[in-house]
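# Coordinate analysis (summary)
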Amino acid sequence: REGPHTGEALLGLADCRCDLGDLEGALEAAQQLLALQPASPEANILVAELLLGAGHGAEMAEPYLSRATEAVEERRGGGLNPTNDGNDAPSLQLRVLCARAEAALEREDHSGALSAAASAVRLDACMPRALI
């Protein structure tokens, strides 16, 4: 059943399951969220992050990273560059860059990982996730 708060509930469920270490359960909730909101950058990046975290591989995460990147670019009105335009695009952009770095490391693409990580640090050097 779909109600006005279904997406928020699924996001909360995914976060709770992730916090409890149940990455597969979190992934299931995130995929349900994605089914409700297929164009959502939040849902796409969450699925990508959980796929990577659960060890499903960079290849499985890549389509979600691509959709998240496209959605963030639409919100920003252009490419992934380090400026803040007053919406949630910079934080989503940071998550995309960190996930791209993680995926590149898994593929042993060290230059790609370094490039994505450097972009994340330029975006927000105070964000601990950007430094990991």
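This section reports on the structure supplied with the text. Remember, it's a predicted structure, so these values are computed and weren't measured experimentally.

## Structural notes on the packing of helix H3 (residues 41-53) against helix H4 (residues 58-76)
Their axes nearest at 8 Å, the elements H3 and H4 cross at an angle of 155°. Classified by the angle their axes make, H3 and H4 are roughly antiparallel. Note on packing geometry: the crossing formed by H3 with H4 is left-handed. The segment H3 lies against H4, with Pro-41, Asn-44, Ile-45, Val-47, Ala-48, Leu-51 and Leu-52 engaging Ala-58, Met-60, Ala-61, Tyr-64, Leu-65, Arg-67, Ala-68, Ala-71, Val-72 and Arg-75. For the contact of H3 with H4, the residue count by class is 14 nonpolar, 1 polar and 2 charged.

## Examining the side chain of Asn-44
Mapped onto the elements, Asn-44 comes out in helix H3. In this structure Asn-44 touches Leu-34, Pro-38, Ala-39, Tyr-64, Arg-67 and Ala-68, once residues within four positions along its chain are discounted.

## Here we look at the environment of Leu-114
In this structure, Leu-114 sits in helix H6 (residues 110-123). Residue class for Leu-114 comes out exposed when judged on its relative accessible area of 60%. Through-space distance from the C-alpha of Leu-114 to that of Arg-100 is 10.0 Å; in sequence the pair is 14 residues apart.

## Looking at the pattern of salt bridges
Within this structure, the stated rule accounts for 3 salt bridges. For Glu-42, the salt bridge goes to Arg-95, with nearest N and O atoms at 2.8 Å. On the criterion of sequence distance, the pair formed by Glu-42 in helix H3 and Arg-95 in helix H5 (residues 89-106) is long-range, its members being 53 residues apart. In this structure, Glu-62 engages Arg-100 in a salt bridge whose closest nitrogen and oxygen atoms are separated by 3.0 Å. Of this pair, Glu-62 sits in helix H4 while Arg-100 sits in helix H5, and the two are 38 residues apart along the sequence.

## Overview of the packing of helix H1 (residues 6-19) against helix H2 (residues 23-36)
Relative orientation of the contacting elements H1 and H2 amounts to 165°, with a least axis distance of 7 Å. Of the possible angle classes, the one that applies to H1 and H2 is roughly antiparallel. Between H1 and H2 lies a crossing whose hand is left-handed. Mapping the contact onto sequence places Thr-6, Gly-7, Leu-10, Leu-11, Leu-13, Ala-14, Arg-17 and Cys-18 in H1 and Leu-23, Gly-25, Ala-26, Ala-29, Ala-30, Gln-32, Leu-33 and Leu-36 in H2. Class assignment of the residues belonging to the contact of H1 with H2 gives a composition of 11 nonpolar, 4 polar and 1 charged.

Conventions and cut-offs
- Residues numbered from 1 in each chain as written.
- Predicted model: local features only at pLDDT ≥ 70, side-chain atom pairs only at ≥ 80, totals over all residues.
- Heavy atoms only, no water.
- Axes fitted to C-alpha atoms, helices over the stretch in contact; angles between N-to-C directions.
- Helix = DSSP H or I, 4+ residues; strand = E, 2+ residues; numbered from the N terminus.
- Parallel < 35°, antiparallel > 145°, perpendicular 65-115°, else oblique.
- Left-handed = near helix turned anticlockwise from the far one by under 90°.
- Contact = heavy atoms within 4.5 Å.
- Nonpolar A, V, L, I, M, F, W, Y, C, P; charged D, E, K, R; others polar.
- Buried < 20%, exposed > 50% of the residue type's maximum accessible area, 1.4 Å probe, protein only.
- Salt bridge = Lys/Arg side-chain N within 4 Å of Asp/Glu carboxyl O.

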